[in-house]
Amino acid sequence: MFEHVEMAPADPILGLTEAFKKDPNDKKINLGVGIYKDEHGITPIMEAVKFAEEKLFQREETKGYLPIAGTDDYSIAVQQFLFGADSSIIFSQRAATIHAPGGTGALRMAGELLHKISPKSTLWVSDPTWANHKGIFSAAGLNIKTYPYYDEKTKGFDFEAMIAAIEKIPEGDIVLLHGCCHNPTGVDPTPEQWNAIAQAISDSKLLPLVDFAYQGLAVGIEEDAIGLREIAKLCDTVFVASSFSKNFGLYCERAGALTLVCETPEVTQKVLSQLKTTVRQCYSNPPAHGGLIIATIMNDEKLRTDWEAELAKMRERIQHLRELFVETLKDLGVQQDFSFIKDQKGMFSFSGLTDNQVQQLREKHSIYVVRSGRINVAGMTSSNMPRLCNAIKEVLE
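Everything numeric here is computed off the predicted structure, so don't read it as measured data.

Trainee: So, a nonpolar patch on the surface: which residues are in play, and what are the values?
Mentor: A cluster of nonpolar residues, Met 1, Phe 2 and Val 5, forms a patch on the protein surface that exposes about 420 Å² of accessible area. Inspection of the secondary structure puts Val 5 in the segment before α1 (14-22).

Here it is, written out as structure tokens:
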């Protein structure tokens, strides 16, 4: 049966990690996969998470299945996180949330549901976008096209081109947006631009699907939700895929959520029923532990305060690394201007390094970067910065 099967190509991002692990160089640096590292190169467990787990351990009485959609505590916590605790969307019961296995699982469930409901619709993604987006939605059966987003000349957001493209997208199609910390570019719209984007999507009668994987890692928890909230204000229907891998450090727990907002509570419940059917056919019901941790933190005032403080330190450290990276390159005499990296947000930056330069970094210096030139700033440390910047200087010359 399997004699004809060929070896599949390695994942462009996770495959880098496999190669990194096999590299014998004790000074190797991994700036590929999007994982936060502390100054010691370790992905730490947040203290608030540890305390929440202790609480869960003491009160846990069963390992029984969760409902198909997960728990109500988790769903409400996610909705408040997205829209604000006093949101009319929540009180009017226009929102419904399922606990999904990670942000990837949430995106895939959105894709499966949207293809079931509207099989002829096209999904539009930014150019560029996260490498796995096209794979996820193609596997769900959706047709995929791109809209312009990044301006290589300015190393910034091509707002006018994006708006012009949205205005030409056929009614009923789906537009995938990055809620904040755009992956891979690190370039986000301003609040005013978000308002214009939301208005254009509403006027064109499109369905916005927001990939929200980094809330709290750009400017702040509330500030990072401005784009989503502008969209929810102007669009009757919105889908949001959340990931809590980064902002809670729950990478291996696969804690994600898919939230849908429809025009009325009745429509929301009908769409939710179809989503539950989709979940039942794909993975039946979700993993519990990550969602229980998040709900515990969000519903405990002290734990939430502690978590927010830890998240702020992570965000500030990433911004410091951006500034240190730019300053170190400049101090080494690198002529190319990398100052744009200080203005980008979140864990990732589009460095401008070419495929050939990325290959040289890996082969000559054991520094692993995605072929597109996307670098994980959160993988840098102050101790490996000189070696990293010297290597970049060499491949640029």
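Trainee: Which residues make up the environment of Thr 278, and what values do they have?
Mentor: Position of Thr 278 relative to the elements: it lies in helix α10 (residues 265-282). Residue classification places Thr 278 among the buried positions, given a relative accessible area of 3%. Each C-alpha atom of the pair Thr 278 and Gln 344 lies 37 Å from the other, and the pair is 66 residues apart in sequence.

Trainee: Describe the packing of helix α3 (residues 72-83) against helix α11 (residues 289-298), naming the residues involved and giving the relevant values.
Mentor: If you want to describe how two helices pack, look at the angle between their axes and the distance between the axes. Between α3 and α11, whose axes approach to 9 Å, the crossing angle comes to 60°. Compared by their axis directions, α3 and α11 come out oblique. The way α3 lies across α11 gives a crossing that is left-handed. Facing Asp 73, Tyr 74, Ala 77 and Phe 81 of α3, the residues of α11 in contact are Gly 291, Ile 294, Ala 295 and Met 298.

Trainee: I'd like a description of the packing of aromatic side chains, backed by residues and values.
Mentor: Scanning the model with the defined rule gives 13 aromatic pairs in all. Linked through ring pairs, Tyr 74, Phe 81, Phe 244, Phe 248 and Trp 307 together constitute an aromatic cluster. Positioned over the ring face of Phe 20 is Lys 28, at 4.7 Å from the centre of the ring. Here the guanidinium or amino end of Lys 155 rests over the ring plane of Phe 340, the centre of that ring lying 5.8 Å away.

Trainee: Describe the side chain of Thr 97, naming the residues involved and giving the relevant values.
Mentor: With respect to the helices and strands, the residue Thr 97 is situated in strand β2 (residues 95-101). When its relative accessible area of 5% is taken as the criterion, Thr 97 is described as buried. Leaving out residues up to four positions away in the same chain, Thr 97 has contacts with Ala 69, Ser 75, Val 78, Gln 79, Ala 257, Leu 258 and Thr 259.

Trainee: Tell me about the layout of surface pockets, and name the residues and values.
Mentor: Taken as a whole, the largest pocket encloses approximately 910 Å³ of empty space. If you go around the largest pocket, you meet 41 residues; those closest to its centre are Leu 14, Val 33, Gly 34, Ile 35 and Lys 246. Elements that contribute at least two residues to the lining of the largest pocket include exactly α1, β1 (29-30), α5 (102-117) and β13 (374-376). Counted by class, the lining of the largest pocket contains 16 nonpolar, 17 polar and eight charged residues.

Trainee: Any chance you could break down the sheet that holds strand β4 (residues 143-148) for me, citing the residues and the numbers?
Mentor: Strand order in the open sheet formed by seven strands is β2-β10-β9-β8-β7-β3-β4, and the pairing between neighbours is mixed. Edge positions in the sheet fall to β2 and β4, since each of these pairs with one other strand and no more. Between one strand and the next, the sheet's axes are offset by a mean angle of 25°, whatever the strand orientation. Taken together, the six bridges between strand β3 (residues 122-127) and β4 define a ladder with parallel strand orientation. For Trp 124, the partnering residue across the bridge sits in β4 and is Lys 145.

Basis of the calculations
Residues numbered from 1 in each chain as written. Predicted model: local features only at pLDDT ≥ 70, side-chain atom pairs only at ≥ 80, totals over all residues. Heavy atoms only, no water. Patch = residues over 30% accessible without salt bridge, like charges linked within 9 Å, V, L, I, M, F, W, Y side chains within 5 Å. Areas by Shrake-Rupley, 256 points an atom, 1.4 Å probe, with all protein chains shown as cover. Salt bridge = Lys/Arg side-chain N within 4 Å of Asp/Glu carboxyl O. Helix = DSSP H or I, 4+ residues; strand = E, 2+ residues; numbered from the N terminus. Buried < 20%, exposed > 50% of the residue type's maximum accessible area, 1.4 Å probe, protein only. Axes fitted to C-alpha atoms, helices over the stretch in contact; angles between N-to-C directions. Parallel < 35°, antiparallel > 145°, perpendicular 65-115°, else oblique. Left-handed = near helix turned anticlockwise from the far one by under 90°. Contact = heavy atoms within 4.5 Å. Phe/Tyr/Trp six-rings, centres within 6.5 Å; stacked < 30°, edge-to-face > 60°. Lys NZ or Arg CZ within 6 Å of the ring centre and 35° of its normal. 1 Å grid on protein atoms, 1.4 Å probe; cavity = no way out; pocket = protein on both sides within 12 Å on 5 of 7 lines; lining within 4 Å. Points joined across faces, edges and corners; volume = space filled by probe spheres on them. Nonpolar A, V, L, I, M, F, W, Y, C, P; charged D, E, K, R; others polar. Pairing = 2+ DSSP bridges.

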